[in-house]
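Descriptive structure summary
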Amino acid sequence: MATASQEKTTETPRVTEAHVSEQTTQEDANQQYFAQPSAAPVQYVVMANSLKGVKGWLAFLTVLMGFGGIIYTLMFFGAVLRLSSPEGAVSIIFAPIIAILSFTTVVLISLQKKVGRYLAIAAYMTSATYFTLLQIVIASMRKDSDAERIVGTIGGIFIYFIVAGLLSLYFVVSKRVKETLVD
């Protein structure tokens, strides 16, 4: 019996040791949990919008170029009806050229082709040249020539080229155009 009681006393400390070691493990886990630095705060990253694609001003100018092509086509057919007048002759020469440049530019920009940039500039400059010649022809047909009309004609010519230059400058400087029209 002595052996049985010795076994009982030896078993009791083992159970006690197991219970104590379980408590220390749990306390260590709690201490480690609370001792760990708190997780880093969630950081949100705001991604910049991509400049690739026909969006924004490029889309707006492309739509305007399409409308311009339609208008120049109508101007051509209107010039056919008044072919005998000097302004009709100027329109019959320039209107189809600008219409073709406009429609081709819209297609090439939609396909994201680099050539579209240069055709847009060519369309704007050709349009400014057309309006300049048209302004000169109309001014030369007038019988009375005041200083005001001459100044108005010259001012109109400058405005045509300034607007065409600014629109062309967009196609030269714009980051969206540079990233979109790459092929």
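Look above for the structure.
A brief report on the enclosed structure follows.

Thresholds applied
Residues numbered from 1 in each chain as written. Predicted model: local features only at pLDDT ≥ 70, side-chain atom pairs only at ≥ 80, totals over all residues. Heavy atoms only, no water. Helix = DSSP H or I, 4+ residues; strand = E, 2+ residues; numbered from the N terminus. Contact = heavy atoms within 4.5 Å. Areas by Shrake-Rupley, 256 points an atom, 1.4 Å probe, with all protein chains shown as cover. Phe/Tyr/Trp six-rings, centres within 6.5 Å; stacked < 30°, edge-to-face > 60°. Buried < 20%, exposed > 50% of the residue type's maximum accessible area, 1.4 Å probe, protein only. Core = buried A, V, L, I, M, F, W, Y, C linked by side-chain atoms within 4.5 Å. Expected span 1.5 Å × (residues − 1). Patch = residues over 30% accessible without salt bridge, like charges linked within 9 Å, V, L, I, M, F, W, Y side chains within 5 Å. Salt bridge = Lys/Arg side-chain N within 4 Å of Asp/Glu carboxyl O. Bend = angle between axes of the 7 residues up to and from the residue.

1. What to know about the overall build of the protein chain
- A tally of regular secondary structure across the protein chain gives six helices and zero strands.
- Intrachain contacts of the protein chain at a sequence separation of at least 6 include 76% that bridge at least 24 residues.
- For the protein chain, the accessible area works out to roughly 12,900 Å², and carbon and sulfur atoms hold 68% of it.

2. Observations concerning the packing of aromatic side chains
- For the structure on display, the rule yields nine aromatic pairs.
- Ring geometry for phenylalanine 94 and tyrosine 130: centres 5.8 Å apart, planes at 40°, overall tilted. Residue phenylalanine 94 is found in helix α3 (residues 86–110), and its partner tyrosine 130 is found in helix α4 (residues 115–141); the two are separated by 36 residues along the sequence. Tyrosine 130 carries the same exposure label as phenylalanine 94, and that label is buried.
- With centroids separated by 6.1 Å and ring planes inclined at 45°, the aromatic side chains of tyrosine 124 and phenylalanine 171 adopt a geometry described as tilted. Of this pair, tyrosine 124 sits in helix α4 while phenylalanine 171 sits in helix α5 (residues 147–173), and the two are 47 residues apart along the sequence.

3. Some details on the nonpolar core
- With 16 residues, the main nonpolar core has Leu58, Tyr124, Tyr170, Phe171 and Val177 as its most contacted residues.
- Of the residues forming this core, the biggest block, five residues, is contributed by α4.
- For valine 177, the residues in contact, after removing those within four places along its chain, are Leu58, Arg117, Tyr170 and Phe171.
- Within the second largest apolar cluster, eight residues are counted, among which are Tyr72, Phe94, Ile98 and Ala99.

4. A word on α5
- Between its first and last C-alpha, α5 extends 38 Å over 27 residues, near the 39 Å set by a 1.5 Å rise per residue.
- For α5, every residue scored as buried is listed here: Thr153, Gly156, Ile157, Ala164, Ser168, Tyr170 and Phe171.
- Tucked into the core, α5 has its buried residues touching α2 (56–81), α3, α4 and α6 (175–180).

5. A short note on a nonpolar patch on the surface
- A grouping of Trp57, Phe60, Val63, Leu64, Phe67, Ile70, Leu74 and Phe103 is seen on the molecular surface, where their side chains present a nonpolar patch of about 850 Å² in accessible area.
- No other element matches α2, which puts seven residues into the nonpolar patch.
- Along the chain, the position of phenylalanine 60 falls in helix α2.
- Here phenylalanine 60 falls in the partly exposed class, since its relative accessible area comes to 42%.

6. Digging into α3
- Over its 25 residues, α3 extends 36 Å from the first C-alpha to the last, a length consistent with the 36 Å expected when each residue adds 1.5 Å.
- Largest kink in α3: about 30°, centred on isoleucine 92, with the proline proline 96 one to four residues after it.
- Positive phi appears at glutamine 112, one or two residues downstream of α3, with a value of about 60°.

7. What to know about unusual backbone geometry
- One non-glycine residue, glutamine 112, lies in positive phi territory at about 60°.
- Position of glutamine 112 relative to the elements: it lies in the loop between α3 and α4.

8. Examining the side chain of threonine 132
- Secondary-structure assignment places threonine 132 in helix α4.
- For threonine 132, the contacting residues outside a window of four places in its chain are Ile157, Tyr160 and Phe161.

9. What about the side chain of threonine 153?
- By secondary structure assignment, the location of threonine 153 is in helix α5.
- Judged by relative accessible area, threonine 153 falls into the buried class, the value being 10%.
- Apart from the residues within four sequence positions on either side, threonine 153 is in contact with Gln135 and Ala139.

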